[in-house]
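Coordinate inspection notes
Okay, here's what each chain looks like letter by letter:
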Amino acid sequence: MTWFSRAFANRSLRAFVLLAVIVAVLAVADQGRGRFLNVATAFSVLQQFATIGPVALALGLTMIIREYDISVGGMLSLSACVAVIVGNHDPWLGIVAALVVGLASGAAQGAIMNWLGLSSLGVTLGGLLTLSGLGYVLTGNDTIGFDDMDTALLMNQPFLGLFSVRNVAAIVAFVLVAFLFARTRIGRDVVATGSDRRAAATAGVPVRRIVVGIFMASGALTALVGALLSYSLAAASPIALADALVPGTAAAIIGGVSLTGGKGTPVGIAGGVLVLCALRSGLTAIGVAPYTHYIVTGGVLLAVALLDAPDLRRRQLDWRRRFAREA
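Below or above, wherever it landed, is the structure these notes cover.

Conventions we followed
By convention here, each chain's residues receive numbers from 1 onward along its written sequence. Restriction of local features to residues with pLDDT of at least 70 applies here, the model being predicted, together with a cutoff of 80 or more for giving and counting side-chain atom pairs; totals for whole chains, interfaces and linings are based on all residues. Each side-chain value is worked out from all heavy atoms of the structure, with water and hydrogens disregarded. We define a nonpolar core as any set of buried Ala, Val, Leu, Ile, Met, Phe, Trp, Tyr and Cys residues linked to one another through side-chain atoms lying within 4.5 Å. Categorising residues by exposure relies on relative accessible area from a 1.4 Å probe, with only protein chains included: less than 20% of the type maximum marks a residue as buried, more than 50% marks it as exposed, and the intermediate range marks it as partly exposed. Helix and strand labels come from DSSP, where a helix needs a run of H or I of at least four residues and a strand needs a run of E of at least two; each type is numbered from the N terminus. Note on definitions: a residue-residue contact is assigned when non-hydrogen atoms from the two residues lie within 4.5 Å. For Phe, Tyr and Trp, rings pair up if their centres lie within 6.5 Å, where Trp contributes its six-membered ring, and each pair is then called stacked (planes under 30 degrees apart), edge-to-face (over 60) or tilted (otherwise).

Our next topic: the nonpolar core. Judged by nonpolar contacts, the single largest core of 58 residues is most densely connected at V273 and V275. Mapped by element, the contributors of at least two residues to this core are α2 (14-30), α3 (39-64), α4 (72-87), α8 (165-183), α11 (207-233), α12 (245-254), α13 (266-285) and α14 (290-308). Setting aside chain neighbours within four positions, we find V275 in contact with A15, L18, L19, I22 and I254. Ranked by size, the runner-up nonpolar core spans 22 residues in total, among them L78, I95, I144 and A234.

Here it is in C-alpha cells:
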C-alpha cells in the first residue's frame, strides 16, 4: 500500500500510473483475444477524449480556483445549436460563433461573481438554465440538421489510424493550456487564487481577472466540444449534450484536481480523462455490461478519494512508526 500511495502523491502523474494499471488489468481480462489491445480501441479512447477532455479541462480549471462551472451542460447544447445554425452557411463561421458565445457567457458569469461577490454555484446554475433555455428558443425545441455532410464525415474520419479532427483539436487545446499553465505566470496565479484568494490579492495577483479569464476559458473549451461534436453528428438539439457534467468532473478529480482548490494541472486532468476513456472503451471491448462501467468508475473515484484523505495518510504514518518501534 505504501508504494502505491507514494505513486499517487504526485497529482500530475498519478492518473498515468492508474492508467497503466487499468490497461494491464484489462489486457489480462481480455485473455489474449485481441479485443482490447488494438488500434480500434485506441481510436475509440481518443474519440471519447475529444468529447470529455475539454469539458473536464474546463471544469478542472474552475475547480482549481475553488469554483465550479455548472453551466457547461447548457453551454454544450447551446454552442452545438449555434454552430449548426451558423455553420450551415459556413462551417468555420459556425465554430467561431460558438466560441464567441462561450467566451461571452464565461465573461458574464465571472463578472457577476466579482461584482456581487456571489458563489459560482448559484451563478452558474442560473447560467445553466439560461443557456439551456436559449437553446430551446433557437431551435424551437426541435432537432436541427447540419447539411454539410462532407464536413460531418471529416470530423470523425481517422488518419494515421488513431487521430481525427475532433481528437486533434482536443489535444491541441490541452497542449496550449498546459503550456500557459507551466511556462507563464498564469499558472502560478491560478493556483494562488485557488489556494488563498485574499493572500493572492495581497501578493499582487489579479484575482478578479483570473476568475473572469478562467470562466471565459471554460466557456470556450466547452463551446469547442459542442460545435465539433454537433458537426460530427450532423445535428444539434437543446438537450442532446447535457450529460457531460458528471464524466467531466470525475475525470478532473481522478486527474488530481482538489475540490478545495489550489491543486491540479492540465497534464493531470488529461491523464484523468484517459483513465475514464480507457475504462469505458476497454470494458466495452471485452464485453462487460454497460451498467458495470458506472460501478467500476465509482470504485476508481472512491480509491482516489481515499488516497487523498489526510486522515488516511496520518494513520499510515502512525502505523509505520508503531511497526518501527515494535521491530
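Further notes follow.
Counting buried residues in α12 gives 8 out of 10 residues, a clear majority hidden from the surface. Within the span of α12, buried status applies to P247, G248, T249, A250, A251, A252, I253 and I254.

When we look at a pair of aromatic rings, we describe it by the centre distance and by the angle of the planes. According to the stated counting rule, one finds 3 aromatic pairs in the structure shown. Aromatic side chains F49 and F174 sit 5.2 Å apart centroid to centroid with 40° between the ring planes, which places their arrangement in the tilted category. Within this pair, whereas F49 is found in helix α3, its partner F174 is found in helix α8, the two being separated by 125 residues in sequence. Considered together, F49 and F174 belong to a single accessibility category, that of buried residues. Here the aromatic rings of F159 and F163 are separated by 6.1 Å at their centres, their planes lie at 35°, and the arrangement is tilted. Judged by its relative accessible area of 38%, F159 is partly exposed.

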